[in-house]
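# Secondary and tertiary structure notes
Chain by chain, the residues run as shown.
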Amino acid sequence: MMEILEGSHAVAEAVKRCRPQVIAAYPITPQTHIVEALASMVADCDLDADYICVESEFSALSACLGASAAGSRVYSATTSQGLALMFEVCFNVAGMRQPVVMTIANRAMGAPLNIWNDQQDSISLRDSGWMQFYAEDNQEANDLHYIAYKVAENHDVLLPAMVCFDGFILTHTYEPVDIPTQEEIDAFLPPYQPVNVLDAKNPMSLGMYATPDYYMEFRYEIEEAMKRARKVFAEVGAEFGEIFGRDYSGMVEGYRLEDADIALVAMGSICGTTKDAIDEMREDGKKVGLLKIRSFRPFPSEEVKAALAGVSKVAILDKNISLGQKGAVALEVKDALYGTGTEVLDYIIALGGRDVRKRDIRAVVDLAEKGIGDQFYGLRTEVL
Amino acid sequence: MALRVGCAAPPGRAHDNKTGSWRVFKPIFKYEQCVKCGLCEVVCPEGCVYEREDGYYVADYDYCKGCGLCAEECPVDDIEMVQEEK
């Protein structure tokens, strides 16, 4: 049913339909409305879940880890400093192969304190063993939760997943969202079937220590699961498309790339603005297209290489920076395109909530045409 | 030990980790001056020194990490720490 919903509430409605049995979360801007809405659903008996009130994000994800190990489908949500506080637990969840799904309302990392949007928080967890999916709009944020659970819980995968969507730009924006019915989601997403369950009658330890004789093999197995997740994501995304009419089989999505000479590459809500800017530039005769990265982990290198095969220049819009190097998306794309000779230019943009308008996207393309890149875009040099 | 998803293991499987591989110095029980006092068993922090049927003591080298406490505390200086070649 089509509803006009705030992004956070669209996500809460999606989570409700996934029937999590345990929710543990700690409120933090701009994630708060999601967990507030879920807490209300539990209090009103609209959602049959245990909602564990915790004193920190570290406890939130720890509670989720334990509940997941006991065989429950679990959910959490956080952002920025909250995600940073979960850092240790994130690696444990992945290492113990628990298919926890967590929403990240993307926000800048302090210091300086900043509650606005960029993608530094989740990008900083890219090596944790969690899958990371980025939503362009509230519809996609809603849909990716059903897909995330189904991919994460697949026995060929068994990895946790972050569904990332931009703080404020999406979390606090009202958009029309087509919400599937509970019956439709029940048919799409059957109950979680755990492999190892904590059970007092059949004692089992998870995440036991591994000496140098075993540790590398466990890391290898996680990497192999990530590889298999590419195929599972494509299958689950295609199945979702057949049922609901919105196809998510691609870990990337091209927009007007077919005859493009310059390709922009981006993740998240900035893709919407970029598409509008591309339409305007196309009217002016510029052959520009967009490659949207939907899955950052696992990173779809082959799909990126294939999608960008025809372009001569690639301009990356990175809402993050790996300080001391470049933006994280640029590094991944450069790796995917290594040996092709395609020029890749990186633009660090929109950090800490700096607004991006269509004219900014056009200005980036102008810079790329001149071969000027690998720099911050939109710096206020007058305050430096 | 075959790996299980998430490093899941039933109780007791920590025995599979032969921590003796961490050892640099290996305690050699010489049985030249030994009075069978059993102090080596008492002070062993790993709990891996045990009494043989003949009343003498020896370390389980699968788990002995070579800390040398037994050699240090032995009242008759009958345990020698020898650097191990691997």
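Residues numbered from 1 in each chain as written. Chains lettered and ligands numbered in written order. Predicted model: local features only at pLDDT ≥ 70, side-chain atom pairs only at ≥ 80, totals over all residues. Heavy atoms only, no water.

Another aspect to go through is the overall build of chain A. Scanning chain A from N- to C-terminus turns up 13 helices and 15 strands. Here the C-alpha coordinates of chain A stretch approximately 70 × 50 × 45 Å along the principal axes. Contacts spanning at least 24 positions in sequence make up 80% of the contacts within chain A whose residues lie at least 6 apart. When the accessible surface of chain A is totalled, it reaches about 15700 Å², and 52% of it is carbon and sulfur. Separation of charge centres in chain A, based on 35 positive and 58 negative side chains, amounts to 5 Å. (Helix = DSSP H or I, 4+ residues; strand = E, 2+ residues; numbered from the N terminus. Contact = heavy atoms within 4.5 Å. Areas by Shrake-Rupley, 256 points an atom, 1.4 Å probe, with all protein chains shown as cover. Lys, Arg positive; Asp, Glu negative; His and termini not counted. Charge placed at Lys NZ, Arg CZ, Asp CG, Glu CD.)

Moving on: the sheet that holds strand β6 (residues 131–134) of chain A. Residue and element names in this part refer to chain A. The seven strands lie next to each other as β3-β2-β4-β5-β7-β6-β12, forming an open sheet whose pairing is mixed. Where the open sheet ends on each side, the last strands, each with one partner, are β3 (50–53) and β12 (295–297). Geometrically, the sheet is characterised by an average inter-axis angle of 20 degrees between neighbouring strands, direction not taken into account. Note: β6 against strand β7 (residues 161–166), four bridges, orientation parallel. Paired with Phe-133 across the bridge in β7 is Val-163. (Pairing = 2+ DSSP bridges. Axes fitted to C-alpha atoms, helices over the stretch in contact; angles between N-to-C directions.)

This paragraph deals with the pairing of strand β11 (residues 288–293) of chain A. All names here are of chain A. In terms of burial, β11 is a largely internal element, six of the six residues being buried. Because side chains alternate across β11, one face comprises the buried residues Val-288, Leu-290 and Lys-292, and the other comprises Gly-289, Leu-291 and Ile-293, equally buried. Relative to β11, strand β10 (residues 262–266) is paired through five bridges, and the arrangement is parallel. Looking at β11, one finds that Ala-266 is bridged to Lys-292. Crossover β10 to β11 through helix α10 (residues 270–283) is right-handed. (Buried < 20%, exposed > 50% of the residue type's maximum accessible area, 1.4 Å probe, protein only. Right-handed = clockwise from strand over helix to strand, strands pointing away.)

Here we come to the domain arrangement of chain A. Residue and element names in this part refer to chain A. Per the domain assignment, the segments of chain A are domain 1 (2–244) and domain 2 (252–383). Once you take the C-alpha centre of each, domain 1 and domain 2 turn out to be 27 Å apart. With 26 residues of domain 1 at the interface, the matching set in domain 2 holds 26 residues. Of the roughly 2000 Å² buried at the junction of domain 1 and domain 2 (both faces included), carbon and sulfur atoms supply 51%. (Domains from an automatic or database assignment. Buried area = accessible area lost by both parts, 1.4 Å probe.)

Between chain A and chain B, the contact holds 17 residues from the first and 14 residues from the second. Both faces combined, the contact of chain A with chain B buries some 1600 Å², and carbon together with sulfur accounts for 64% of it. Between the two partners, chain A and chain B, sit zero salt bridges. Run the count over chain A and chain B and you get six residue pairs in polar contact (both at pLDDT 80 or more). Considering every element that reaches the side of chain A that touches chain B, the biggest residue donor is helix α9 (residues 215–244) of chain A, with three residues. Here the side of chain A that touches chain B is built from residues that sort into nine nonpolar, five polar and three charged. (Salt bridge = Lys/Arg side-chain N within 4 Å of Asp/Glu carboxyl O. Polar contact = N/O pair within 3.5 Å; in protein donor to acceptor, adjacent residues only side chain to side chain. Nonpolar A, V, L, I, M, F, W, Y, C, P; charged D, E, K, R; others polar.)

Residues and elements named next belong to chain A. Checked against the element boundaries, Leu-170 lands in the loop between β7 and β8 (174–178). A sequence separation of 64 residues divides Leu-170 from Asn-106, and the C-alpha atoms of the two residues are 9.5 Å apart. With residues up to four places along the chain from it excluded, the contact list for Leu-170 reads Gly-7, Ser-8, Ala-135, Glu-136, Asp-137, Asn-138, Phe-165 and Ser-269.

Residue and element names in this part refer to chain A. Counting residues in each nonpolar core, the largest one holds 54 residues, and the members touching the most others are Leu-38, Tyr-75 and Met-131. In terms of residue count, the dominant contributor to this core is α9 (nine residues). If you look at the next biggest cluster of nonpolar residues, it comprises 52 residues, including Leu-65, Met-86, Cys-90 and Ile-293. (Core = buried A, V, L, I, M, F, W, Y, C linked by side-chain atoms within 4.5 Å.)

Turning our attention to helix α1 (residues 7–17) of chain A. All names here are of chain A. When you tally the buried positions in α1, you get ten out of eleven residues, the bulk of the element. Gly-7, Ser-8, Ala-10, Val-11, Ala-12, Glu-13, Ala-14, Val-15, Lys-16 and Arg-17 are the residues of α1 that are buried. One or two residues past the end of α1 sits Arg-19, with phi positive at roughly 50 degrees.

Moving on, we come to the side chain of Gln-119 of chain A. Residue and element names in this part refer to chain A. Mapped onto the elements of the fold, Gln-119 is located in the loop between β5 (101–106) and α6 (120–123). Looking at Gln-119, the relative accessible area reads 2%, which means it is buried. Those residues within four positions of Gln-119 in sequence are excluded, and the remaining contacts are Asn-106, Tyr-134, Asp-166, Met-267, Gly-268, Lys-319 and Asn-320.

Residue and element names in this part refer to chain A. One pass over the structure, following the stated rule, counts ten aromatic pairs over all chains. Here Phe-87 and Phe-91 contribute two aromatic rings whose centre-to-centre distance is 4.9 Å and whose plane-to-plane angle is 45 degrees, an arrangement assigned as tilted. One end of the pair, Phe-87, and the other, Phe-91, are both in helix α5 (residues 87–95), four residues apart, so they sit about a helical turn from each other. Among the aromatic side chains, those forming a connected cluster through ring pairs are Tyr-146, Phe-188, Phe-240, Phe-244 and Tyr-248. Its guanidinium or amino end placed over the ring of Tyr-149, Arg-73 lies 5.4 Å from that ring's centre, counting from NZ or CZ. It is Lys-150 that lies over the ring of Phe-188; its NZ or CZ is 4.5 Å from the centre. (Phe/Tyr/Trp six-rings, centres within 6.5 Å; stacked < 30°, edge-to-face > 60°. Lys NZ or Arg CZ within 6 Å of the ring centre and 35° of its normal.)

It is worth spelling out helix α2 (residues 32–43) of chain A at this point. All names here are of chain A. If you check α2, its first and last C-alpha atoms are 16 Å apart, about what twelve residues at 1.5 Å a residue would give, namely 16 Å. Taken together, the buried positions of α2 are Thr-32, Ile-34, Val-35, Ala-37, Leu-38, Met-41 and Val-42. Looking at the buried side of α2, the elements it contacts are α1, β2 (22–25), β3, β4 (74–78), β5 and β7. Phi for Cys-45, located one or two positions after α2, is positive at around 65 degrees. (Expected span 1.5 Å × (residues − 1).)

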